[in-house]
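Report on the structure
If you want the building blocks of each chain, they are given just below.
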Amino acid sequence: EPGVDLGAEGIFFDAGDIEPVVGTEMFSIIEDSVRTLLADNLRPICLGGDHSITYPIIRAVSERYPDLSILHFDAHPDLYDELLGNRLSHASPFARIMEEGLAKRLVQVGIRTINGHQRAQAERFGVETLEMRHWRDDLTLEFNSPVYISFDMDALDPAFAPGVSHRERGGLSTR
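Residues numbered from 1 in each chain as written. Predicted model: local features only at pLDDT ≥ 70, side-chain atom pairs only at ≥ 80, totals over all residues. Heavy atoms only, no water.

What follows concerns the packing of aromatic side chains. Counted according to the given criterion, the structure contains one aromatic pair. Judged by centre distance (5.5 Å) and plane angle (45°), the rings of Phe-73 and Phe-151 are tilted. In this pair, Phe-73 is assigned in strand E1 (residues 69-73) and Phe-151 in strand E4 (residues 147-151), connecting sequence segments 78 residues apart. For Phe-73, a relative accessible area of 19% corresponds to the buried category. Cation over ring: Arg-105 sits above Phe-143, and NZ or CZ is 4.5 Å from the ring centre. (Phe/Tyr/Trp six-rings, centres within 6.5 Å; stacked < 30°, edge-to-face > 60°. Helix = DSSP H or I, 4+ residues; strand = E, 2+ residues; numbered from the N terminus. Buried < 20%, exposed > 50% of the residue type's maximum accessible area, 1.4 Å probe, protein only. Lys NZ or Arg CZ within 6 Å of the ring centre and 35° of its normal.)

Pasting the structure below:
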């Protein structure tokens, strides 16, 4: 829309990989790496890992954008208080984000597996959950603040993303 040539030299660059370490120190490394990129006035696109990386990313991003909104595409709400005793699991990042007030708004699209606990968490945190069963082709989402987009490949129907680890039928299409 603004006429930026996304293929032009210098528009994108690879900031490199973060070498994994065992334990929760990894979260600090991710947060510090994103914070450094933001301090250089860059807008990082973070790829890879499971959804547990979203929590440290949002910790850094929310410092720069305190009125942040999140648009989250996923088959799962990832709002568990904990999974198997782990409060930092891939199934819990949005609970941590909302507990800490790191986002003023969380909109989840494509949800197909939500249980009673996660429904209660969504209500507790004021999460706007658009389950696939309520999808409309004329859906319009509006935001009046900076938006962080989080996209889990299992938001797509397995016909379009067959290699994901937690696939759920009935998801979004690539159309």
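Below, the discussion takes up the environment of Asp-154. The residue Asp-154 is located in the segment after E4 in this model. On a C-alpha basis, the gap between Asp-154 and Gly-49 in space is 13 Å, while along the polypeptide they are 105 residues apart. The residues contacting Asp-154, other than those within four sequence positions of it, are Asp-74, Ala-75, His-76, Arg-112, Val-164 and His-166. Among the polar contacts made by the side chain of Asp-154, one reaches the main-chain amide nitrogen of Ala-75 at a distance of 3.0 Å. (Contact = heavy atoms within 4.5 Å. Polar contact = N/O pair within 3.5 Å; in protein donor to acceptor, adjacent residues only side chain to side chain.)

Reading across the sheet, the four strands line up as E3-E2-E1-E4 and stay open at both edges, with parallel pairing between neighbours. Two strands close off the open sheet at either side, each with one partner strand: strand E3 (128-131) and E4. Averaged over all adjacent pairs, the angle separating strand axes in this sheet is 15°, with direction ignored. Of the pairings in the sheet, the one linking strand E2 (residues 105-111) to E3 comprises four bridges and is parallel in character. Residue pairing in the sheet places Ile-111 in a bridge with Glu-131 of E3. (Pairing = 2+ DSSP bridges. Axes fitted to C-alpha atoms, helices over the stretch in contact; angles between N-to-C directions.)

Another point: the pattern of salt bridges. Pairing is possible between side chains that carry opposite charge, provided their charged atoms lie close to one another. Within this structure, the stated rule accounts for 13 salt bridges. Measuring nitrogen to oxygen at the nearest pair gives 2.8 Å for the salt bridge that ties Arg-35 to Glu-63. Here Arg-35, found in helix H1 (residues 25-39), pairs with Glu-63, found in helix H2 (residues 54-64); they are 28 residues apart in sequence, far enough to count as distant. Classification of Arg-35 as partly exposed rests on a relative accessible area of 26%. When the shortest N-O distance is used, the salt bridge between Arg-96 and Asp-81 registers 3.1 Å. (Salt bridge = Lys/Arg side-chain N within 4 Å of Asp/Glu carboxyl O.)

Let us now look at the side chain of Gln-118. Within the secondary structure, Gln-118 sits in helix H4 (residues 116-125). Residues within four places of Gln-118 in sequence aside, it is in contact with Pro-77, Asp-78, Leu-79, Tyr-80 and Thr-113.

On to unusual backbone geometry. For Asp-78, which is not a glycine, the phi torsion comes out positive at approximately 50°. Here Asp-78 lies in the loop between E1 and helix H3 (93-99). The backbone of Leu-84 sits at a positive phi, close to 55°, despite the residue not being glycine. Checked against the element boundaries, Leu-84 lands in the loop between E1 and H3. Assessed through its relative accessible area of 86%, Leu-84 is described here as exposed.

In this section: the environment of Leu-47. Residue position: Leu-47 is located in the loop between H1 and H2. Along the backbone, Leu-47 and Gly-85 are 38 residues apart, and their C-alpha atoms lie at a distance of 26 Å.

With that settled, the discussion passes to H1. Its 15 residues give H1 an end-to-end C-alpha distance of 21 Å, which sits within 8% of 21 Å, the value for a rise of 1.5 Å per residue. Inspection of H1 places Met-26, Phe-27, Ile-30, Glu-31, Val-34 and Leu-38 among the buried residues, and these make up the whole buried set. Taken down its axis, H1 places every buried residue within 135° of arc, on the same side. Packed against the buried residues of H1 are H2. A positive backbone phi angle near 60° is found at Asn-41, which sits one or two residues after H1. (Expected span 1.5 Å × (residues − 1). Arc of directions from axis to C-beta.)

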